[in-house]
Amino acid sequence: MANRVVIALGGNAILKPGQEQTVEAQLKNITTSAEMVTKIEKLDYQIVVTHGNGPQVGNILRQNEEAKNIVPPFPLDVCNAESQGFIGYLMEQTIKNKIEEEGLTSEVVTLLTQVEVSPDDRAFQKPTKPIGVFYSKEEAEKMEKERGWAMMEDAGRGYRRAVPSPQPLTIHGVSAIVNLLNQNTIVVAGGGGGIPVSRKENGFLSGIEAVIDKDRTGKKLSEQVDADVFMMLTDVSNVYINYGKPNQEKLETITPEIAQKHFDEGHFADGSMGPKIEAAINFARQGKTAIICALEEADRALLGEAGTRIVG
């Protein structure tokens, strides 16, 4: 049976910082991702693609704010689902076209994915994830009072809404994903960390206001589909320790223990490489392989020729 890989694309692989926020711009960026997915397909892997949605869901929330006096705004879980749907559509269509161009026979399917979290997760006691548009201090105080939002200052750029970022417990629909993989289908799933849901006392699922870290969801998805490789594609070719210093060192193939040592020493920032390294370590400890590399080098990284590989 073919090896199985989960590929996690960052939201900036779809919309780059400062880029015009049009569908055309996002399609152009996604084309690069589709070309890489096709190269990996040629290496005889079963493929699940997951992706970020930070810029996109931020734009949807801004649309909510701008039109709130005309159209009732949607809750955060519905906004996440909306971004999953339109990114998945663009990604599925682009990968299909590239597969057709290369004369391959794979199908491509996008699944809206619910990810269950615990309503008792400590993240709900202290929201830390900034989302959406920026506000002045006065506007932020008004939002706190009128809407009950937690607001936080974000890197000197103003105030933004802060929402919880709980741990993913269970990804729903995994049996369907596995069935599709076994039928020569590339699956796009778990976009934006998944649509956050929690289970009520009666056992029913219900949406919840939160944002799940996409790398944590990617790791959980990799575990549940029993992937051989979990690959996080970024805008850098490798992970470094002492980054930006004279003694900067590139990491290539390392063990989970070495990666954990570097993590504990504080080499990886919480807002950038930290969550990726954490997810990679936890996955590799199960006797698997986690890879962090540049999008353009993903096929070479799978062959052991590029990127940072954490091998359990």
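Just so it is clear, the structure is predicted and the values come from calculations on it, not from any experiment.

1. Some points on the side chain of Asp299
Here Asp299 lies in helix α9 (residues 298-302). Beyond its immediate sequence surroundings of up to four residues, Asp299 is in contact with Met36, Lys39, Ile40 and Leu43.

2. Some remarks on the packing of aromatic side chains
How two aromatic rings sit relative to each other is set out by the distance from centre to centre and by the angle between their planes. On inspection of all chains with the given rule, the structure shows two aromatic pairs. Arranged with centres 6.0 Å apart and planes meeting at 75 degrees, the rings of Phe230 and Phe283 form a pair that is edge-to-face. With Phe230 in strand β12 (residues 229-234) and Phe283 in helix α8 (residues 274-284), the pair connects residues that are 53 residues apart, well separated along the chain. You'll find Phe230 and Phe283 in the same group, each marked buried. For the ring pair Tyr240 and Tyr243, a centre distance of 5.8 Å and an interplane angle of 50 degrees mean the geometry is tilted. Over the face of the ring belonging to Phe134 we find Arg160, whose NZ or CZ atom lies 4.8 Å from the ring centre. The cationic tip of Arg161 hangs over the ring face of Trp149; the distance from NZ or CZ to the ring centre is 4.5 Å.

3. Side note on the packing of helix α2 (residues 54-66) against helix α3 (residues 76-101)
Two numbers describe how α2 lies on α3: the axes approach to 9 Å, and their chain directions differ by 125 degrees. Judged by the angle between their axes, α2 and α3 are oblique. In this structure, α2 meets α3 at a crossing whose hand is right-handed. Contact residues: α2 offers Gln56, Val57, Ile60, Leu61 and Asn64, while α3 offers Leu76, Cys79, Asn80, Glu82, Ser83, Phe86 and Ile87. When its residues are assigned to classes, the contact of α2 with α3 shows seven nonpolar, four polar and one charged.

4. A few points about the sheet that holds strand β16 (residues 289-294)
Strand order in the open sheet made by the eight strands is β3-β9-β2-β1-β12-β16-β17-β15, with mixed pairing throughout. Here the strands that pair on one side only, and so sit at the sheet edges, are β3 (107-110) and β15 (253-254). Pairing between strand β2 (residues 45-51) and strand β9 (residues 185-188): two bridges, direction parallel. By the bridge assignment for β9, Val48 is matched with Val187.

5. Quick look at the environment of Ile87
Mapping Ile87 onto the fold places it in helix α3. Accessibility expressed as a relative area gives 0% for Ile87, which makes it buried. Along the primary structure Ile87 and His51 are separated by 36 residues, whereas in three dimensions their C-alpha atoms are 8.7 Å apart. If we ignore the near neighbours within four places in the chain, the residues touching Ile87 are Ile14, His51, Gly52, Asn53 and Gln56.

6. Quick notes on the sheet that holds strand β11 (residues 205-207)
Spatially, the four strands line up as an open sheet ordered β8-β4-β10-β11, and their pairing is mixed. The sheet terminates laterally at β8 (170-171) and β11, the two strands that pair on one side only. Of the pairings in the sheet, the one linking strand β10 (residues 195-199) to β11 comprises three bridges and is antiparallel in character. By the bridge assignment, Ser198 is partnered in β11 with Ser206. Contacts from α3 reach β10 and β11, with the element oriented near 135 degrees to β10.

Definitions and cut-offs
Counting starts from 1 at the beginning of each chain's written sequence and moves along it residue by residue. Side-chain atom pairs in this predicted model are given and counted only at pLDDT of 80 or more, local residue features only at pLDDT of at least 70, and totals for whole chains, interfaces and linings cover all residues. Computation of side-chain values covers all heavy atoms of the structure but excludes hydrogens and water. Each helix is a run of DSSP H or I of at least 4 residues and each strand a run of E of at least 2, with the numbering of both proceeding from the N terminus. We call two residues contacting when some pair of their heavy atoms lies within 4.5 Å. Classification of ring pairs rests on two measures: the distance between centres of Phe, Tyr or Trp rings, Trp counted by its six-membered ring, which must be within 6.5 Å, and the angle between planes, read as stacked under 30 degrees, edge-to-face over 60 and tilted in between. Each residue is placed in one exposure class: buried if its accessible area under a 1.4 Å probe, protein chains only, is under 20% of its type's maximum, exposed if it is over 50%, and partly exposed if it falls in between. Only Lys NZ and Arg CZ are tested; either one counts as a charge over a ring when it is within 6 Å of the ring centre and within 35 degrees of the ring normal. For helices, the fitted line uses only the C-alpha atoms of the stretch in contact; every axis is such a line through C-alpha atoms, and the angle between N-to-C directions lies from 0 to 180 degrees. For classification purposes, angles smaller than 35 degrees are called roughly parallel, those larger than 145 roughly antiparallel, those between 65 and 115 roughly perpendicular, and all remaining angles oblique. The sense of a crossing depends on the near helix, which, turned anticlockwise from the far helix by less than a right angle, makes the crossing left-handed and, turned clockwise, makes it right-handed. Each residue is assigned to one class: nonpolar for Ala, Val, Leu, Ile, Met, Phe, Trp, Tyr, Cys and Pro, charged for Asp, Glu, Lys and Arg, and polar for all the others, Gly among them. Two strands make a pair as long as DSSP finds a minimum of two bridges between them.

Everything listed here is a matter of coordinates, which is why it stays silent on function.
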